[in-house]
Amino acid sequence: MIDSHIHADTRPYEDFEMMAISGIEKAITCAHDPLPMKSAVVTLEHISRLQKLDVKRAQENGIDLYVAAGIHPRAIPTDYEKVINKLPSILNNPKVVAIGEIGLEKGSKEELKIFKEQIKLADKLKVPVIIHTPRKNKEKVIDTILSLLSENLDESLAVIDHIDDKVVDKVVDRECMLGLTIQPGKLTIDKAITILEEYGVDKFMLNSDMSSAPSDPLSVPKTVHKMRLKDFNDSEIAKVSYKNAEKFFKL
Ligand SMILES: [Zn+2]
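Residues numbered from 1 in each chain as written. Predicted model: local features only at pLDDT ≥ 70, side-chain atom pairs only at ≥ 80, totals over all residues. Heavy atoms only, no water.

- As annotated in an unreviewed UniProt entry, the protein chain carries the name TatD-related deoxyribonuclease and comes from Methanothermus fervidus.
- We quote the UniProt Sequence similarities (unreviewed entry) comment for the protein chain here in full: "Belongs to the metallo-dependent hydrolases superfamily." (UniProt positions renumbered as here; feature names shortened; annotations may be inferred.)

Now the structure itself:
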């Protein structure tokens, strides 16, 4: 299995062992807001930690960890250009497979500007992008994200994450992939399964988004277990639990 969106830097060493025992082989850890990211130096140190320390901590437990690097909308440094200018060289590391997580939180002017610059860069470099959507105002913010995507990015490079039953209709016919985050406060296992039953498995990837907020490092294996108990066949389970992610991120 692949957990397509985690925050490894916030989790204890033991979580990786538990994930490996439960059948997770690969995961993608995303840049986010573990500290107030007041300057580019802090963001770049954070991204560097993901590539070195967290890749190693996961590897020691049998998890092949990949990295998504970028500026999270809740963590925009004042000198953000320095981070964007460095992204092309950061992406030269074969472990760094995407720009992310980027996106919009409140949809402020500053957020829009930095999001747009990063999706333009992804389009130019032809790298996958992990796009965060907020808990509050999700529907409205997704409309803004979709209009920015259609002008600035080949949508097949994007995964829009934290999709729920209220917004799935807006995005399911677009070119992009969709992330289902099974986490307390986001989707329950049953809600994720209802979405998969209704919309099929071709566009979706499962993730825990485990972080310092309430999360479950085993939410992907638990969802897969529940899918087995329902009427999903092996090929459907394989798609949402690793094949779609493997293809999208070229792992
Ligand atoms: Zn996240």
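1. What about the overall build of the protein chain?
Part 1 of the argument: Assigned secondary structure in the protein chain consists of nine helices and eight strands.
Part 2 of the argument: Whereas a compact globule of 251 residues would reach a radius of gyration of roughly 18 Å, the protein chain reaches 17 Å, a difference of no more than 12%.
Part 3 of the argument: With the principal axes as the frame, the protein chain shows a C-alpha extent of 50 × 40 × 30 Å.
Part 4 of the argument: With the model as given, the accessible surface of the protein chain reaches about 11,100 Å², and the carbon-plus-sulfur share is 51%.
Part 5 of the argument: One way to put it: in the protein chain the 36 positive side-chain charges average out to a point 4 Å from where the 40 negative ones average out. (Helix = DSSP H or I, 4+ residues; strand = E, 2+ residues; numbered from the N terminus. Rg over C-alpha atoms; globule rule 2.2 N^0.38 Å. Areas by Shrake-Rupley, 256 points an atom, 1.4 Å probe, with all protein chains shown as cover. Lys, Arg positive; Asp, Glu negative; His and termini not counted. Charge placed at Lys NZ, Arg CZ, Asp CG, Glu CD.)

2. A look at the packing of helix α4 (residues 109-125) against helix α5 (residues 138-152)
Part 1 of the argument: α5 packs onto α4 with a crossing angle of 40° between their chain directions and a minimal axis gap of 10 Å. Looking at the two axes, α4 sits oblique to α5. The two elements α4 and α5 meet at a crossing, and its hand is right-handed. Across the interface between the two elements, L112, F115, K116, I119, K120 and D123 from α4 touch T144, I145, L148, L149 and N152 from α5.
Part 2 of the argument: Taken together, the residues of the contact of α4 with α5 break down into six nonpolar, two polar and three charged. (Axes fitted to C-alpha atoms, helices over the stretch in contact; angles between N-to-C directions. Parallel < 35°, antiparallel > 145°, perpendicular 65-115°, else oblique. Left-handed = near helix turned anticlockwise from the far one by under 90°. Contact = heavy atoms within 4.5 Å. Nonpolar A, V, L, I, M, F, W, Y, C, P; charged D, E, K, R; others polar.)

3. A short note on the packing of aromatic side chains
Part 1 of the argument: Using the criterion set out here, one finds one aromatic pair in the structure.
Part 2 of the argument: Their ring planes at 85° and their centres at 4.8 Å tell us that F248 and F249 sit as a pair that is edge-to-face.
Part 3 of the argument: Among the residues examined, F248 registers a relative accessible area of 11% and is labelled buried.
Part 4 of the argument: Stacked on the ring of Y66, the Lys or Arg K95 has its end atom at 4.4 Å from the ring centre. (Phe/Tyr/Trp six-rings, centres within 6.5 Å; stacked < 30°, edge-to-face > 60°. Buried < 20%, exposed > 50% of the residue type's maximum accessible area, 1.4 Å probe, protein only. Lys NZ or Arg CZ within 6 Å of the ring centre and 35° of its normal.)

4. Quick look at the coordination of the zinc ion
Part 1 of the argument: The protein atoms that coordinate the zinc ion are H5 (NE2), H7 (NE2), E101 (OE) and D209 (OD), at distances spanning 2.0 to 2.4 Å.
Part 2 of the argument: Read from N- to C-terminus, the donor residues coordinating the zinc ion fall into the pattern H-x1-H-x93-E-x107-D. Within this pair, whereas H7 is found in the loop between β1 (2-6) and α1 (13-21), its partner D209 is found in the loop between β8 (204-207) and α8 (219-229), the two being separated by 202 residues in sequence. Exposure class is identical for H7 and D209. Each is buried. (Donors = N, O, S within 2.8 Å, 3.2 Å for Na, K, Ca; no water.)

5. Notes on the nonpolar core
Part 1 of the argument: Ranked by size, the top nonpolar core spans 72 residues in total, and within it F115, L149, I163 and L180 carry the most contacts.
Part 2 of the argument: With 14 residues, the next largest nonpolar core counts V97, A98, M205 and F249 among its residues. (Core = buried A, V, L, I, M, F, W, Y, C linked by side-chain atoms within 4.5 Å.)

6. A few points about the pattern of salt bridges
Part 1 of the argument: Within the structure shown, the criterion is met by 17 salt bridges.
Part 2 of the argument: Where R11 meets D15, a salt bridge forms, and the shortest distance between an N and an O atom there is 2.6 Å.
Part 3 of the argument: On the basis of relative accessibility, which here comes to 14%, the residue R11 falls in the buried class.
Part 4 of the argument: Judged by its relative accessible area of 7%, D15 is buried.
Part 5 of the argument: Two residues, K26 and E246, come together in a salt bridge whose shortest N-O distance is 3.5 Å. Note that K26 is positioned in strand β2 (residues 26-30) and E246 in helix α9 (residues 234-249), a separation of 220 residues in sequence.
Part 6 of the argument: The exposure class assigned to E246 is partly exposed, which follows from its relative accessible area of 28%.
Part 7 of the argument: A cluster of three or more residues bridged by salt bridges with shared partners is formed by D33, R74 and E105. (Salt bridge = Lys/Arg side-chain N within 4 Å of Asp/Glu carboxyl O.)

7. Regarding the pairing of strand β5 (residues 129-132)
Part 1 of the argument: Here β5 shows no split at all, with V129 and I131 on one side and I130 and H132 on the other all buried.
Part 2 of the argument: Bridge analysis of strand β4 (residues 96-103) against β5 gives three bridges, and the strand direction is parallel. If you follow I102 over to β5, its bridge partner there is I131.
Part 3 of the argument: One ladder, built from three bridges, connects β5 with strand β6 (residues 158-160); its direction is parallel. Looking at the pairing, V129 lines up with A158 of β6.
Part 4 of the argument: The β-α-β motif built from β5, the intervening α5 and the parallel element β6 has right-handed crossover chirality. (Pairing = 2+ DSSP bridges. Right-handed = clockwise from strand over helix to strand, strands pointing away.)

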